[in-house]
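Architecture and fold: a report
Each chain, written out:
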Amino acid sequence: MSTATSLRNSFFWYFTISSFLLIGVIGFLSYFNISGRIRENVELKNNLLAHSLANDISSELSATLNQLTQLDRIIHNRAIIGISSINALLDTILAHSPSYESLFILNQSGKVEYLSLCENQKSKKTDFIDFDFSYLPVFKDAVDKKTPVWSDVFISVVTGKLSLSLALPCDQDVILATFNLTHIDSLIEKIQSGNDMVTLLLDNNGIMLYHPEETEAGQKISMRTLPPVQDALRKNFGTQLFAMNGLRCVGTTTQVPLTNWIILLAQTEKNAYAPVERLKPIFFITAGLAVLLSLLLAQVLSRRVTSSLAHLRIAASEASDARYSVTIPPQKYSELEELAKGFRIMNKAIEERERLLRQSREHYLTLFNGGCDAIFVAEINNNQQGIFIEVNQVACQKLGYTADELYDMTLTELCAASPEEQERLDLFHHYLLSKGSVLYEASIIAKDNTLIPVEIHSHLITIYGNRAVLSVARDITQRKLAEQALVESLSVLEAIFNSTADAILVLDTDTDTIHANPSFTAMFGCSDLQLDTLTHNDILMMISSKLHPEEPYRNTLIQLLNSTNECRNSITLADGRSLEAFSSPLMRNTIPCGRVWSFRDTTERTRYAQEREELIAQLEQQNIELEQFTYTVSHDLKSPLITIEGFLKVIKADKSITLPPKVSDFIDRMLNAAGTMQTLLHNLLHLAKIGRINAKPECISVKNILNDIINLHEHRIKENNISLTFDDSFPIIFGDKDRLFEVFLNLIDNAIKFSRSMPSPAIHIGTRQDSGQCVFFVRDNGIGIDMKYRDKVFGLFDKLSVSSEGTGIGLAIVKRVIEHHGGHIWVESEGPGTGCTFCFTLSDDAFVQNEEKYNA
Amino acid sequence: MKAGLYSYAVCIKSVMRAAGIISVVFLCLAGSCGCRKKDPVKIGFVACLSGKLTDRGYSGRNAVLLAVEQCNARGGINGRKITLLIKNDLGDPETARKVVLELIDEGVTAIVGHMTSAMSVASLSLINTYETVMISPTSATNELYNKDDYFFRVYPDVSIVAAALACFAAHELHLTRAAVIYDLNNRAYTETASRVFCEEFKKQGGTIVDTLAVTSSPTVSFHEIIHNLAGKEPDCLVAYTNEMDTATICQQIRKIGKNIQVLSSDWAASAELIQYGGEAVEGTVLLHTIRNDSREPKFVQFRQDYFDTFGVYPGVRASHAYDAASILIRALRENDNPAELKQTLLSIKDFEGIQGKIQFDEYGDIIRTLYPARIKNKTFKYMDKYEHGYQPQK
């Protein structure tokens, strides 16, 4: 639920507040300006009144002073006008000036020379002649200063009124006049009338001389504590506000020039500034009306403006629901149109950015979750790794926890199984805090309590201004297993290295190390200690020193160190031992970084090889001789046998001779034996010829051969009801045609011979591919053979059954022909009664590889 | 009605009506401001505040105002502020009775006043009837002496002072022939004073050459009076007159060239006596009830406070009025029950006035130390011999 204020309300209130502020500021400025002016006018008026009164009083007193000055001039020539005239003059003055109480003319000693008294004096006028006024301060001051001096105001014991004395020093005399202030009272009353203020006349001590209600003598109240009076006593005159007992008053003070009296015009602030007060309701009513108007205006304006924003609001609402296709119609106001335009652009931009953001997020998630590494992000609290705040799917899958379960865990909880492990992890964490990243191996405990060895790469990162740890944990189970296997392999290799009879030397130029197995040290007669101290060149020099002086290998030994070629040599040591040296470059990332030598002591083997060669040569010689013997015997035996057979046939054919039946039987038997022997000799001779007499090789069609053989044995096949089949196609072979014909003939004959006794004899001839070789086979379902006799069947004169037909030379001839063609022959059978298959191969040369050869 | 206008309360009303400003001053001075929670203690002040005797009334009023203001500034009486109601008796007995009755009607706890004996005598029956304590600063008349009533005073009875003056004239000044002039306008004081003086002076072996009562008027010639008295060869003239008349008498004595020692009372003891007496008052002897040159701290403080407030130094009347108000405030602090005020006042035995202890006797009278002073070089010079006062015999 949004707590935001509506724009309309805000606009309304902003407008209202602005109006209020504007009205308030203008209103109050006007109000304060006008009220300030009114106040200034009031103060000015009071000042004028006070000064006017002060001037009036001063004028009044001056009039008295002027009158006495005139008197002084008149009496200056008292000798002329006479004493009585002076007294009369004084009486006249008093008679016409009711405020006078007394008028004395004193001599320089202060003694009364002339006087006039008002009517209600306390004693006779004559009492005052020669009266001593020399102690009167006003007299003394006038004489001393030679200027008119006004006394303090006092209450006359004669009239009971506030009175004042004036001493006017003249040439010879001092005129001392005492008069009351009733005439001044009238001045004040005149000012007072029509004004709602109090006019106070104070003496120069701040004592009240006149009070509007006290026309007789005032109260002689001290006004010294009143703030404006205090200021006036300090000669600070003017208008000021002062508060007494919570009542705020305005007081204006001024000074009467002649007497330094103080005039205080005072009135309550309320009365003084009544015009300001009258201004207030006008101001407030006007301000109120303005405010009401502004409220109304604000309402109307806010409605008008916000109604135009409706489309924008809808569009914004749609946009907030990720629907950016809303059309915003053209706006009435240019600003809103600009806003709408901006909104449209913004919608597109947001749409595009959202798409990019989604892509980016998918990309990020793919990266974050797609690898094979578990990624954890943990917060840091008080420099300790806190709980995870982010984990990837790999982490969940590997560990078997859900993400929510992991969010309550720490890396330490996942890893630490023992206090030592905990301590180790703490060390890594401190290293991480100081260096910014750390790489270490640990074991993580999965939810099913299996331990997963991992390599953890932790980095310090900052997320939202807070430090965090990004840890990437890689499952290194396979690596660990590989390491284990490697270790095991290394141990095997090391065992081989150490136990092999061959001497092995490894010179690693990268690590500048020498590895030599015990056989090497034994072969070259050096110790392990020596090897530790030798350089690569030293050890090669040591090896060359052990070689036969004329051995060419010693010159290339050092050159080989940096060669990339393999090298195999037979070398001879100075002590006569024969060695087979094999060296190959030590490669690291296809870059040679040293060389490996292996030396095999071939002294014995060389000797045995020589002996074998000699033996073979002897055997070959013996074979040749034997073959010649066989041929010779066969050939030489053949002639007498033909002779025997011929004579026997002559005897039998000779009709002239009647032979007893028994003799005749003997002659038949002798003829059979001679024929058998002749066949036997023929075959032996034939066998002897194989390998000795070779026909020119030619291309042979196996199919033609087979057809010829079938034609040859057609009678036998039919007679025995044998099913003879062969493959549709055979490879063209290249060899001795007659011999190979002999091979197929013998094998088929053999098959017919041993299968014709079967109920449904069947023979099939074909080829098959076996280990990349073309294998010819002749298969029958005949009597089969026990496989323990599989070699014997190919022996000379070896017959498995004595009752079987043949001389026992046929398969020997076949074997000899096949081997003569570089091939190999064998028999396959699953046992007696299961038939057997004779298979043979030929050398690669026996097959026609291409048309050219065939054509050739 | 006119008299009412002079009263303080009416004054406040009138000023309020006029502009509401002067009341501020009065209220402040009267200390009636700021007390809202508790009812104020109303105290009345009555004196002549207009006419020829105005000055003494003003002096008394100012001093009482000062005492009340100081009391209120210190928290008032047990938290209650004092409201001072001021009335003008116009120096007229009828008016005096009227305004005293007004004060009683307005519920005052006590009244300070009057400043003249005649007015005090006029109000006596009223205050006794309404059992309202009145303490007078300067009423000295013997008519109020030794009476068990509600009248108290901090000024010694005139008979005592007059007797003391007679003794002092006879024994200290060695005068033997005395002429006495007294003012009939203040008869309650002057008649007793002149009578007692004469009796005592005679008792002390002196001779009264003449006793003359005077009333100031344009037809009265002090010159003639003095001239006549001088003819009777007095060696001293005792004047129970005000300061102006005393000054005139001295001037007349000087004019006729007689060497007559003038003796006078506290009544005339003011600056005006010297100012208007001129050289003629030099040598005049007076018995003061207050020493203006006293160095007592309370007096010095009072004198300074008074000057700061009113711009002039206090005279004898102001000093006595201050004492009267102060002892009344002290009594009210001890017990603010008006019905028991008289007993409370009588029970106070240790009140230190501005010049020494003030202790009422059972009749509300006191005995004060008197300080003989002689006018010399325009000032009152207190005689060294009586530095600690001249104690007259009762």
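On a predicted model such as this, the values are computed, not experimentally measured, just so you know. (Residues numbered from 1 in each chain as written. Chains lettered and ligands numbered in written order. Predicted model: local features only at pLDDT ≥ 70, side-chain atom pairs only at ≥ 80, totals over all residues. Heavy atoms only, no water.)

1. A closer look at the overall build of chain B
Assigned secondary structure in chain B consists of 14 helices and 14 strands. Per-residue burial for chain B yields a buried fraction of 63% across its 394 residues. When the accessible surface of chain B is summed, it comes to about 14,300 Å², and 48% of that surface belongs to carbon and sulfur atoms. (Helix = DSSP H or I, 4+ residues; strand = E, 2+ residues; numbered from the N terminus. Buried < 20%, exposed > 50% of the residue type's maximum accessible area, 1.4 Å probe, protein only. Areas by Shrake-Rupley, 256 points an atom, 1.4 Å probe, with all protein chains shown as cover.)

2. What to know about the sheet that holds strand β3 (residues 110-113) of chain B
All names here are of chain B. Here we have 5 strands laid out as an open sheet, ordered β2-β1-β3-β4-β5, and parallel in their pairing. The open sheet has two edge strands with one neighbour each: β2 (82-88) and β5 (151-153). With direction set aside, neighbouring strand axes in the sheet form an average angle of 25°. Bridge count between strand β1 (residues 41-47) and β2: 7 bridges; the pairing is parallel. Paired with A47 across the two strands is N88, which belongs to β2. Together, β1, β2, β3 and β4 (133-136) form the strand contacts of helix α13 (residues 316-334), whose direction differs from that of β3 by roughly 165°. (Pairing = 2+ DSSP bridges. Axes fitted to C-alpha atoms, helices over the stretch in contact; angles between N-to-C directions. Contact = heavy atoms within 4.5 Å.)

3. A word on unusual backbone geometry
Cis rather than trans, the peptide bond between B:G113 and B:H114 has omega equal to -15°. Relative to the elements of secondary structure, B:H114 occurs in the loop between β3 and α6 (117-129). The phi angle at A:K146 is positive, at roughly 55°, despite the residue not being glycine. Here the phi dihedral of B:E233 falls at roughly 55°; this positive angle occurs in a residue that is not glycine. The topology assignment puts B:E233 in the loop between α9 (222-230) and β8 (236-240).

4. Description of the packing of aromatic side chains
Across all of its chains, the model carries 36 aromatic pairs over all chains by this definition. Ring centres of B:Y306 and B:F310 lie 4.7 Å apart, and the angle between their planes is 50°; this geometry places the pair in the tilted category. Of this pair, B:Y306 and B:F310 both sit in helix α12 (residues 297-310), 4 residues apart, which is roughly one turn of the helix. Take B:Y306 and B:F310: they sit in the same class, and that class is buried. Among the aromatic residues, ring-to-ring pairing joins A:F28, A:Y31, A:F32, A:F283 and A:F284 into one connected group. Over the ring of B:F307 we find A:R224, and its NZ or CZ is 5.8 Å from the ring centre. Above the ring of A:Y135, the side-chain terminus of B:K378 is found at 4.8 Å from the ring centroid. (Phe/Tyr/Trp six-rings, centres within 6.5 Å; stacked < 30°, edge-to-face > 60°. Lys NZ or Arg CZ within 6 Å of the ring centre and 35° of its normal.)

5. Re helix α10 (residues 243-256) of chain B
Residue and element names in this part refer to chain B. Along its 14 residues, α10 runs 20 Å from first to last C-alpha, staying within 8% of the 20 Å computed at 1.5 Å per residue. Of all 14 residues making up α10, 11 are buried, and the element is well covered by its neighbours. Here α10 has its buried residues at E243, M244, D245, T246, A247, T248, I249, C250, Q251, Q252 and I253. Measuring from the side-chain oxygen of the N-cap residue of α10 to the backbone nitrogen of M244 gives 3.2 Å; that N-cap residue is N242. Following α10 by one or two positions, G257 adopts a phi angle in the positive range, close to 80°. (Expected span 1.5 Å × (residues − 1). Polar contact = N/O pair within 3.5 Å; in protein donor to acceptor, adjacent residues only side chain to side chain.)

6. Considerations on the UniProt feature "domain: HAMP" (unreviewed entry) in chain A
According to UniProt, the "domain: HAMP" (unreviewed entry) feature falls on residues 303-355 of chain A. Secondary structure across residues 303-355 of chain A comprises 74% helix and 0% strand; the distance between its end C-alpha atoms is 37 Å. (UniProt positions renumbered as here; feature names shortened; annotations may be inferred.)

7. Details of the domain arrangement of chain B
Residues and elements named next belong to chain B. By the assigned domains, chain B splits into domain 1 (2-156 + 296-358) and domain 2 (159-288 + 370-386). Residue-level contacts link 14 residues of domain 1 with 14 residues of domain 2. Both faces considered, domain 1 and domain 2 share a buried interface measuring about 1,200 Å² in area, 51% of it formed by carbon and sulfur atoms. Counting only elements with at least two residues in the side of domain 1 that touches domain 2, the list comes to α6 and α13. A total of 3 residues in the side of domain 1 that touches domain 2 trace back to one element, the largest contributor, which is α13. (Domains from an automatic or database assignment. Buried area = accessible area lost by both parts, 1.4 Å probe.)

8. Structural notes on the sheet that holds β8(B)
Residues and elements named next belong to chain B. One open sheet accounts for 7 strands, arranged β7-β6-β8-β9-β10-β13-β14; its pairing is mixed. At either end of the open sheet lies a strand with only one pairing partner, and these are β7 (207-214) and β14 (379-382). For this sheet the average axis-to-axis angle between neighbouring strands, irrespective of direction, equals 25°. Where strand β10 (residues 285-288) meets strand β13 (residues 371-376), 4 bridges bridge the pair, whose relative direction is antiparallel. Across the sheet, L286 pairs through a bridge with A373, a residue of β13. Sitting on the sheet, helix α7 (residues 158-172) touches β8, β9 (261-264), β10 and β13, and the angle it makes with β10 is about 140°.

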